[in-house]
Amino acid sequence: MTTDEGGRTVEFSVPEMDCPSCAGKVTASVESLDGVRAVDPTPTTGTLAVTYDPRETEAAAVRERVEAAGYAVEAEADRELRLSVPEMDCPSCASKVEKSLDNLDNVETVETRPATGEVLVTGNTDHEIGNGDRGLSDTDREAVVAAVESAGYEVTGATTDAGGPDVADPSEVWTSTRAKKTGIGALLMVVGLAFEFLLDGADALVFSALGREFHVSAVLLLLAAGIAGQAILRNGYYSAKNLSLDIDLLMGTGVVAAVAVGLYFEAATLAVLYSVAELLERFSMDRARSSVRELMDLSPDTATVERSSGEETVPVEEVAVGETVVVRPGEKIPVDGEVLTGSSAVNQAPITGESVPVDKAEGDEVYAGTVNEEGYLEVEAQAEADETTLSQVVELVGDAQRERTDREQFIERFAAYYTPTIVVAALLTALVPPLAFGMAFREWFVRGLTLLVVACPCAFVISTPVSVVSGVTSAARNGVLVKGGPALESAGEVEAVAFDKTGTLTKGELTVTDVLALNGTDEADLLNCAHDLERRSEHPIAEAIVEHAHRHADPHGDDGEDRPIENFEGLTGKGVRADLGGVTHYAGKPALFEELGFDLDHVHLSTDGGVREIAESRCEGREDCLDLLADVVPRFQREGKTVVLVGTGDELEGVLAIADEVRPAARETVARLREWGLTTVMLTGDNEGTARAVAEQVGVDDFRAELLPDEKVAAVEELEAEHGTVAMVGDGVNDAPALAAATVGVAMGAAGTDTAIETADVALLGDDLQKVPYLYRLSRKANGVIRQNIWSSLAVKAVLAVGAPLGLVSVAVAIVVGDMGMSLAVTSNALRLAGVEPEE
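Residues numbered from 1 in each chain as written. Predicted model: local features only at pLDDT ≥ 70, side-chain atom pairs only at ≥ 80, totals over all residues. Heavy atoms only, no water.

Colleague: Describe the overall build of the protein chain, naming the residues involved and giving the relevant values.
Modeller: Secondary structure summary: the protein chain contains 27 helices and 36 strands in total. Counting all 840 residues of the protein chain, 52% fall into the buried class. Restricting to contacts in the protein chain with at least 6 residues of sequence separation, those with at least 24 account for 68%. Surface accessibility of the protein chain: about 35700 Å² in total, with carbon and sulfur atoms responsible for 51%. (Helix = DSSP H or I, 4+ residues; strand = E, 2+ residues; numbered from the N terminus. Buried < 20%, exposed > 50% of the residue type's maximum accessible area, 1.4 Å probe, protein only. Contact = heavy atoms within 4.5 Å. Areas by Shrake-Rupley, 256 points an atom, 1.4 Å probe, with all protein chains shown as cover.)

Structure (structure tokens):
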């Protein structure tokens, strides 16, 4: 379903509607329904698009009208089911879920995301579920949920809507049933140890069974293992059921084996400490996930809408496109839209990362999740709740794990060999010495059990995805949308950065940069005259002059009306001419005034105007004299500016310089990148002179001018051949081919621009160029964090794997250091990325 300014648009597949008369019949039937705004049938493709007012009708009613015309509707059902599975917080958990879902019919793909606790299931389009619909039926969805829960994981939410994960409060971990059972188990274990080692005299025999004596300490340790290990044994059962060799199966096997051979202390230690480790891992993962929840919480749940009955507060999901939303001071804006009434300063930091509130007035665009600081606003909704810029950001952050980075792929391949190898080594350690060499069974069994604990690869497998989620979410909070792990990884490895000029290094808008009043003319009079001459022209330079005059002069006079002009004429390639107050005036290029007979080598400043330094020579020793042709015009042209002279047929009144102004942060951005050793290049379709002027002003290493779109692509490819990896920064639409050709494509000013968000690898939601160095710095740090996590995890596992068979590592140390400790360490290390902020 899509949206339109007139309401909601639903599309149907109507294969039997294959001729104009069929289309006419369907159209007439649908148009009879109240609330239908537009009907667009396409017989050649058998599709029908209907726009309707959701306040008056609904998609089901539209479908009924199509079928009433005698045509079957073959609409595709929602194919994707998104499940929230908070307890699936490690790769082994994800593997178990995948294996359970693999057995289901009608499921095409399964994607697990342990870093955010989500499972995405896509239905098979070949599967018909009735009424011509295809995909996942209600029964199929129930089967999917049942399959996930049969793997041992509770499903807390299931939806077909796109969006972010259902994230729990991290503190809820400590009040969960498992936490309570673990606490009871830990208390029983401590008391049992006290009876065994401190209260030996009180450690009485309770009963005998199976040829063993069970004292108080043994009973307490068994209870500790049973209560704290309940979840371990349950998960281990599901792992065995799904033939999944994972940590749950290994730990469950370890607890049962320890009890079977009479090692009650080891069984209790394994059950309690591993449960604590799991709780801590869940807590740390929820902390990482909470950064995603913070993004989701930016949008308010309700909106105040103006309707026929007056103001009405409704869930934000019920706001239709075209409705008017009221936003009072201090409230969050609930929808993307356009300001109809009012003005205010809006804090856009949650979306664009801008630190200073932006003034908004009638006609300006606003985004859901931003904060109305001071004024009253009425906003026309231009997107539904699930299609706002914020919702796209949340969805893409959640999708950041969809593509695996090179490091993730390496780790997954490594883990596939690591775990089976260590399990075999553990079995050999536990069985070979006692059976082959008659050594103490208890001692070598404990060593084998310890090595079994070391076999868990969770810490280094999760080290990369948790870092990616943390980095991508941190970037999103600062107005930088990074689309997945590969983009985050690549952005920190680029060797060169190519910038588009117009709209990227420059503002993309012509402005008057210099005003020189000459021969006694007042600056305000000069601007008023230029305004009157140019206001009939549609040329971008004329528009810039008119806008500047409105801001810095009073072109309307006392009566608020424009002065009358007569005999207006455009002089092609030269300028314009018109009569003002009975006097003929001109505005145009210096060549126009030379043709009129002016001596541009000798003109006089009305005042210093802050430009005396422009004239390096003086006319016959006079301090107020300028040589326009030798000094002023060349100076402006070297700066990439266009020169416009204004005057009458007898007197030159002044000079205006117009340019596409360079962004204030452009030079500093380029300087920062060059400090870090990156090569910077400007690519533009503009002329050589203007390109050179801008390139010198911003300080890039090189520039290439007069490039067509395909030539920009070729330039990017040349840079990649020379430097290996290249980032291209552009506007996301005009530069789309070059962005696609680069290693990393970065789109500027993407807020509210679907094309930019969809096509670029990275989208800067604002126009702040300083986010480019921030992106590079964040990516470099993320890559460093990932390397630290991977190699530290591998190093710790290697030490423990060597020490366990030698009797140098206990079960407790293996759990506390190798499992719980490293999982906490890699997650905490990844959370450091949240502290990377753009430089002021």
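Colleague: Residues and numbers for the confidence of the model for the protein chain, please.
Modeller: When pLDDT is averaged across the protein chain, the result is 80; 84% of the residues are at 70 or more. Per-element mean pLDDT across the protein chain ranges from 46 in strand β1 (residues 2-4) up to 95 in strand β32 (residues 679-683). Scored below 50 in pLDDT, residues 1-5 shows 18 contacts in the model against residues more than four places distant or in partner chains. Counting interchain partners and residues more than four positions distant, the pLDDT-below-50 stretch residues 607-623 has 25 contacts. (pLDDT = per-residue confidence, 0-100.)

Colleague: Just give me the short version of the sheet that holds strand β31 (residues 652-662), but keep the residues and values in it.
Modeller: The sheet built from six strands is open, its strands ordered β24-β31-β30-β27-β26-β25 with antiparallel pairing. Looking at strand neighbours, the two that pair on one side only are β24 (506-517) and β25 (565-571), the edges of this open sheet. Taking each pair of neighbouring strands and ignoring which way they run, the sheet shows an average axis angle of 15 degrees. Relative to β31, β24 runs antiparallel, the two being bridged by eight bridges. Within β31, the position partnered with Val512 by the bridge is Ile658. (Pairing = 2+ DSSP bridges. Axes fitted to C-alpha atoms, helices over the stretch in contact; angles between N-to-C directions.)

Colleague: Can you tell me about helix α18 (residues 540-552), naming the residues and giving the values?
Modeller: With 13 residues, α18 should reach 18 Å at 1.5 Å per residue; the first-to-last C-alpha distance of 18 Å fits that figure. Those residues of α18 lying buried are Ile541, Ala542, Ala544, Ile545, Val546, His548 and Ala549. Of the surrounding secondary structure, the elements contacted by the buried residues of α18 are β24, α17 (523-534), β30 (642-648) and β31. (Expected span 1.5 Å × (residues − 1).)

Colleague: Lay out the pairing of strand β15 (residues 324-327) in plain terms, naming residues and giving numbers.
Modeller: Burial along β15 is two-sided: Thr324 and Val326 and Val325 and Val327, pointing in opposite directions, are all buried. Judged from the three bridges that link them, strand β13 (residues 302-307) and β15 form a sheet pairing that is antiparallel. By the bridge assignment for β15, Val305 is matched with Val325. In this sheet, strand β21 (residues 377-381) lies alongside β15 in antiparallel orientation, the contact comprising four bridges. Bridging across to β21, Val327 finds its partner in Leu377.

Colleague: Can you explain the pairing of strand β16 (residues 337-341)? Please cite residues and give values.
Modeller: Here β16 runs beside strand β19 (residues 365-366); their pairing, made up of two bridges, is antiparallel. Residue pairing across strands places Glu338 opposite Glu365, the latter belonging to β19.

Colleague: I'd love a proper account of the sheet that holds β21, names of residues and values included.
Modeller: The strand order across the open sheet formed by six strands is β14-β13-β15-β21-β16-β19, and the pairing between neighbours is antiparallel. Single-partner strands in this sheet number two, and they are β14 (310-315) and β19.

Colleague: Lay out the side chain of Thr57 in plain terms, naming residues and giving numbers.
Modeller: Tracing the chain through its elements places Thr57 in the loop between β4 (47-52) and α2 (59-68). By relative accessible area, which is 10% here, Thr57 ends up buried. Apart from the residues within four sequence positions on either side, Thr57 is in contact with Leu33, Asp34, Gly35 and Tyr52.

Colleague: Give a detailed account of the packing of aromatic side chains, specifying residues and quantitative values.
Modeller: Per the counting criterion, the structure on display carries six aromatic pairs. Taken together, a centroid distance of 5.8 Å and an interplanar angle of 20 degrees make the contact between Phe414 and Tyr418 stacked. Remark: Tyr418 and Phe414 occur in helix α12 (residues 406-437); sequence separation between them is four residues, near one turn of the helix. Looking at Phe414, the relative accessible area reads 31%, which means it is partly exposed. (Phe/Tyr/Trp six-rings, centres within 6.5 Å; stacked < 30°, edge-to-face > 60°.)

Colleague: Explain the packing of helix α7 (residues 230-241) against helix α8 (residues 247-260) residue by residue, including any values.
Modeller: Remark: α7 packs on α8, axes separated minimally by 8 Å, with the N-to-C direction vectors making an angle of 120 degrees. The orientation of α7 relative to α8 falls into the category oblique. Pair α7 / α8 crosses with left-handed handedness. Taking contact as the criterion, the partners of Ile232, Leu233, Asn235, Gly236, Ser239 and Ala240 in α7 are, on α8, Asp248, Leu249, Met251, Gly252 and Val256. Looking at side-chain class alone, the contact of α7 with α8 contains six nonpolar, four polar and one charged residues. (Parallel < 35°, antiparallel > 145°, perpendicular 65-115°, else oblique. Left-handed = near helix turned anticlockwise from the far one by under 90°. Nonpolar A, V, L, I, M, F, W, Y, C, P; charged D, E, K, R; others polar.)

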